[in-house]
Amino acid sequence: MALILRESSRTFSEYLLLPNLTTRTCSPNNVDLRTPISRFKKGAEPAITLNIPFSSAIMQSVSDHNLAISLARCGGISFIYQSQSIENQVKMVSKVKNFKAGFVRSDSNLKPDNTLKDVRILTGKTEHTTIAITEDGTARGKLSGILTSRDFRLDNCDWDTSVSKVMTLFKDLIYARDNITLQEANELIWKHKLNSLPILDKNDNLLYLVFRKDFNEHMQNPNELIDAEKRLIVGAGINTRDFKDRVPALVEAGADIICIDSSDGFSEWQKDTINFIKKNYRDNLLVGAGNVVDKEGFDYLAKAGADFIKIGIGGGSICITREQKGLGRGQASSVIDVANARNEHYKKTGEYIPICSDGGIVHDYHIVLALAMGADFVMMGRYFARFDESPSKRLRIQGSYVKEYWGEGSERALNISRYSFGSEDRLSFEEGVDVYIPYAGKLKDNLSLTLSKMKSTMCNCGALSIKELQEKARITPVSYTTIREGAAHDVTLKEKDITPVS
């Protein structure tokens, strides 16, 4: 007969944290939320460390380049969705890698004999107002000059005028060589009151541009998740079908880490995909796998070589896998079981494999619970889909603003690579729904509030880091009435817009 687990499957809502001693050092300003996202050996450092334990879900209605840029600037990571053409996904990854980098590779370039009409066409495509003029019109050509919007008037110019007549000539430019540091480059920018500084090799070929605005924006976003070249870090989802074509294209575009996108990762298809990546890229390309809900699934993917493993089946707000297939497990039980398997693997091998809790987050405190139970970071869909930066439409319905949100298992997403077995070209049945969720505004504003709550809760637990939280946290199961007791009850809430009568 089937193996039957006697213990109930539990969700985050069935637990609360108990307070520990809050010492004088337990201030939110002292809390460190950095966490690993890739496998590493004992005593070594992970290849990538998140500055906050947040990743956005691999979903059409969540993770495009705009959200990836905003989340990386706050210290987290997005995995750009794979249920689109390889070409489109590569474009999104490229936009993130080129958006901001202390040292930026120019993507707006013309030749001296181009005309202002060409400038108008180019800026219409890129929306960039600084154009590098090189002898061959490429991003790596010999620099001839720089053209900006200050060099000509849109409302009063001859569109047939050649760029060479209006640009700032090379001899009049202030530039630097490629051995300069970012700090030195910014000092030159401020000293000479520049908006951009070209970085050249010894033959005067253009390598990078450093922008004043990037310095200002970095000061406002000190937690940015950046690579060795000061470019934003971005992940990308892949599937187990076209990975032999998709992975090389994503690597070429600059993806820092990839993740196999599947509702059930305990499969030979995931093992085959990981084997292909490790055979062709070894440790030069990081790959996450999942989703799993128990020790058996974790052990299988760990042995296959996954650099991090995602946890969760059926716990997403738009996921109906449990209703349709009776498959899954409460998210809290899943995290606890997989975390124990991860710790056992670490003791046995000296190799730490980060785990990601994907789904089941309803309240902000659930994130702290997931981390306390052993997760290294969380992946969320609904949370991020509410913001301006997500790719879905904002609508006004019955006087309130909402955002569209749909599951990858819905007919709208038509994610065949994730929800069918090999030969089907359509979904036999849906495992996700298409819904509206309340619009919440800007990502940074909402994320700041969530992080404040998390840090405050961790201080109450006597913890100043995620590792310390996992070691010190005390967690208790609760009843439904306990949860009800913890909210406002047996009272009439005041309407905030009521004006008192004098």
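Residues numbered from 1 in each chain as written. Predicted model: local features only at pLDDT ≥ 70, side-chain atom pairs only at ≥ 80, totals over all residues. Heavy atoms only, no water.

J.: Please explain the pattern of salt bridges as it appears in this structure.
T.: Oppositely charged side chains may form a pair once their charged atoms are brought near each other. For the structure shown, the criterion picks out 20 salt bridges. Between K91 and E87 there is a salt bridge; the shortest N-O distance is 3.7 Å. You can see K91 and its partner E87 sitting in helix α2 (residues 86-99), four residues apart, about one turn around the helix. Under the relative-accessibility criterion, E87 is labelled exposed at 53%. R177 serves as the salt-bridge partner of D204, at 2.9 Å between the closest nitrogen and oxygen. With D204 in the loop between β12 (196-200) and β13 (206-211) and R177 in strand β11 (residues 176-177), this residue pair connects regions lying 27 residues apart in the sequence. On the basis of relative accessible area, D204 is assigned to the buried category, the value being 16%. Salt bridges here are not isolated pairs; linked through shared partners, they connect K97, D227, R231 and D256. (Salt bridge = Lys/Arg side-chain N within 4 Å of Asp/Glu carboxyl O. Helix = DSSP H or I, 4+ residues; strand = E, 2+ residues; numbered from the N terminus. Buried < 20%, exposed > 50% of the residue type's maximum accessible area, 1.4 Å probe, protein only.)

J.: What should I look at first to understand the layout of surface pockets in this one?
T.: Which parts of space are left empty comes out when a probe the size of a water molecule is rolled across the atoms. In this structure, the largest pocket encloses a volume near 1,200 Å³. Along its surface, the largest pocket is lined by 40 residues, and N98, F99, T126, H128 and K213 are the ones closest to its centre. The set of elements that each furnish at least two residues to the lining of the largest pocket consists of α1 (65-74), α2, α3 (116-126), β13, α5 (212-220) and α14 (443-460). Ranked by the residues each element gives to the lining of the largest pocket, the list is headed by α1, at six residues. The residue makeup of the lining of the largest pocket, split by class, is eight nonpolar, 17 polar and 15 charged. (1 Å grid on protein atoms, 1.4 Å probe; cavity = no way out; pocket = protein on both sides within 12 Å on 5 of 7 lines; lining within 4 Å. Points joined across faces, edges and corners; volume = space filled by probe spheres on them. Nonpolar A, V, L, I, M, F, W, Y, C, P; charged D, E, K, R; others polar.)

J.: Just to check I follow, could you spell out the nonpolar core for this structure?
T.: Inside soluble globular proteins, nonpolar side chains tend to come together where they are buried. Ranked by internal contacts, the top residues of the largest apolar core, which has 99 residues, are F54 and F384. Each residue touching F384, except ones within four places of it in the same chain, is listed here: F54, S55, S56, V62, L67, L71, S390 and L443. (Core = buried A, V, L, I, M, F, W, Y, C linked by side-chain atoms within 4.5 Å. Contact = heavy atoms within 4.5 Å.)

J.: Teacher, can you tell me more about the packing of helix α8 (residues 295-304) against helix α10 (residues 331-349) here?
T.: A pair of packed helices is characterised by two quantities: the angle between their axes and the separation of those axes. Viewed as axis vectors pointing N to C, α8 and α10 meet at an angle of 45°, and their least axial separation amounts to 8 Å. Accordingly, the angle class assigned to the pair α8 and α10 is oblique. Handedness of the α8/α10 crossing: right-handed. Residues K295, F298, D299 and A302 of α8 touch α10, and the partners they reach there are D337, V338, A341, R342, E344 and H345. Split into classes, the residues belonging to the contact of α8 with α10 amount to four nonpolar, one polar and five charged. (Axes fitted to C-alpha atoms, helices over the stretch in contact; angles between N-to-C directions. Parallel < 35°, antiparallel > 145°, perpendicular 65-115°, else oblique. Left-handed = near helix turned anticlockwise from the far one by under 90°.)

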